[in-house]
Amino acid sequence: MSGPLPAGGRPRGARAAFRHWRRTRPFWAAVWTGIGGFVIFFLPMAPLGKILQVGVGGIAGMAGGVVLMAMALLILLLPSQRHTAGVLAVIAGVASFPLSNLGGLFVGMVLSVLGGSMAFAWLPEKPAKRAGGLLRRRTAAETPVPPVSIGSGSA
């Protein structure tokens, strides 16, 4: 199997097209951030009588969840903005600890910090080197090492 794109340059099917699209962006970072925001947003929601008793704290927790879900969409749809969205997701996730039921009972906070960190660290895959007309990746043993100079010679 040569990869997701055949010789014509078009994906073979919907699954291959989705796989190719998913690999060009920090997909799993967006998934974890979105799930964390979902947990933080919906955990404080309760019947209207309970929400009115919670007051401003519940609204702040819901706002944090909305921000996290928006950052998940930004990470997914604009991979070039992953650094800003990742940092904001980590900040909103940590801020949810005092604002929203201990960060969604720790689950939402941990997932949003994990997703934000993954988004910040994600790098697009570089194309493989061409060797003899075939695509081939270099191994660690084949990577050239630059020469090291010991001294300048003026003592």
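In this text, all values refer to a predicted model and were calculated from it rather than measured experimentally.

1. Description of the overall build of the protein chain
At step 1: Of the regular secondary structure elements, the protein chain holds 7 helices and 2 strands.
At step 2: Listing each helix as α and each strand as β along the protein chain from the N terminus yields α-α-α-α-α-α-α-β-β.
At step 3: In the protein chain, which comprises 155 residues, the proportion classed as buried is 27%.
At step 4: Within the protein chain, contacts between residues separated by at least 24 positions form 62% of all contacts whose residues are at least 6 apart in sequence.
At step 5: Here the protein chain has roughly 10,500 Å² of accessible surface; of this, 70% comes from carbon and sulfur atoms.

2. Notes on the environment of Trp21
At step 1: Its place among the elements puts Trp21 in helix H1 (residues 14-22).
At step 2: If we ignore the near neighbours within four places in the chain, the residues touching Trp21 are Phe27 and Leu76.

3. Quick look at a nonpolar patch on the surface
At step 1: Where nonpolar side chains cluster on the molecular surface, the patch consists of Phe18, Trp21, Leu73, Leu77 and Leu78 and spans about 480 Å² of accessible area.
At step 2: Among the secondary structure elements, those contributing two or more residues to the nonpolar patch are H1 and helix H4 (56-77).
At step 3: Exposure remark for Trp21: the relative accessible area of 31% places this residue in the partly exposed category.

4. Overview of the nonpolar core
At step 1: Ranked by size, the top nonpolar core spans 12 residues in total: Phe27, Ala29, Ala30, Ile40, Leu68, Met71, Ile75, Leu76, Ala85, Ala89, Ala92 and Ala119.
At step 2: Breaking this core down by element, the ones donating at least two residues are helix H2 (27-42), H4 and helix H5 (82-99).

5. Some words on helix H7 (residues 107-121)
At step 1: Taking 1.5 Å as the rise per residue, H7 with 15 residues should run 21 Å; its terminal C-alpha atoms sit 21 Å apart, in good agreement.
At step 2: What H7 keeps buried is the set Gly108, Met109, Leu111, Ser112, Gly115, Gly116 and Ala119. End-on, the buried residues of H7 take up no more than an arc of 170 degrees, which puts them together on one face. With respect to the buried face of H7, the exposed residues turned more than 90 degrees away are Val110 and Ala121.

6. Some points on the side chain of Ser112
At step 1: Along the polypeptide, Ser112 turns up in helix H7.
At step 2: You can call Ser112 buried: its relative accessible area is 0%.
At step 3: Polar contacts involving the side chain of Ser112 include one to the main-chain carbonyl oxygen of Met109, which spans 3.0 Å.

7. Concerning the packing of H5 against H7
At step 1: Their axes nearest at 8 Å, the elements H5 and H7 cross at an angle of 160 degrees. Our classification of the angle between H5 and H7 gives roughly antiparallel. Considering how the two elements wind past one another, H5 and H7 form a crossing that is left-handed. Only Met109, Ser112, Val113, Gly116, Ser117, Ala119 and Phe120 of H7 make contact with H5, whose side of the interface consists of Arg82, His83, Gly86, Val87, Ala89, Val90, Gly93, Val94, Ser96 and Phe97.
At step 2: Taken together, the residues that form the contact of H5 with H7 break down as 9 nonpolar, 7 polar and 1 charged.

8. Describing the packing of aromatic side chains
At step 1: In this structure the tally under the stated criterion is 7 aromatic pairs.
At step 2: Measuring from ring centre to ring centre gives 4.6 Å for Phe38 and Phe42, while their planes differ by 55 degrees; the resulting arrangement is tilted. Note that Phe38 and Phe42 are positioned in helix H2 at a spacing of 4 residues, about one turn of the helix.
At step 3: Using a relative accessible area of 46% as the deciding quantity, one classes Phe38 as partly exposed.
At step 4: Three or more aromatic residues joined by ring pairs make a cluster, and in this case those are Phe18, Trp21, Phe27, Trp28 and Trp32.

9. Considering the side chain of Ser96
At step 1: Mapping Ser96 onto the fold places it in helix H5.
At step 2: On the accessibility criterion, Ser96 (3% relative accessible area) is buried.
At step 3: Engagement of the side chain of Ser96 in a polar contact is seen with the backbone oxygen of Gly93, the distance being 2.5 Å.
At step 4: In contact with Ser96, not counting residues within four places along its chain, are Ile40, Leu102, Gly103 and Met109.

Rules of the game
Residues numbered from 1 in each chain as written. Predicted model: local features only at pLDDT ≥ 70, side-chain atom pairs only at ≥ 80, totals over all residues. Heavy atoms only, no water. Helix = DSSP H or I, 4+ residues; strand = E, 2+ residues; numbered from the N terminus. Buried < 20%, exposed > 50% of the residue type's maximum accessible area, 1.4 Å probe, protein only. Contact = heavy atoms within 4.5 Å. Areas by Shrake-Rupley, 256 points an atom, 1.4 Å probe, with all protein chains shown as cover. Patch = residues over 30% accessible without salt bridge, like charges linked within 9 Å, V, L, I, M, F, W, Y side chains within 5 Å. Salt bridge = Lys/Arg side-chain N within 4 Å of Asp/Glu carboxyl O. Core = buried A, V, L, I, M, F, W, Y, C linked by side-chain atoms within 4.5 Å. Expected span 1.5 Å × (residues − 1). Arc of directions from axis to C-beta. Polar contact = N/O pair within 3.5 Å; in protein donor to acceptor, adjacent residues only side chain to side chain. Axes fitted to C-alpha atoms, helices over the stretch in contact; angles between N-to-C directions. Parallel < 35°, antiparallel > 145°, perpendicular 65-115°, else oblique. Left-handed = near helix turned anticlockwise from the far one by under 90°. Nonpolar A, V, L, I, M, F, W, Y, C, P; charged D, E, K, R; others polar. Phe/Tyr/Trp six-rings, centres within 6.5 Å; stacked < 30°, edge-to-face > 60°.

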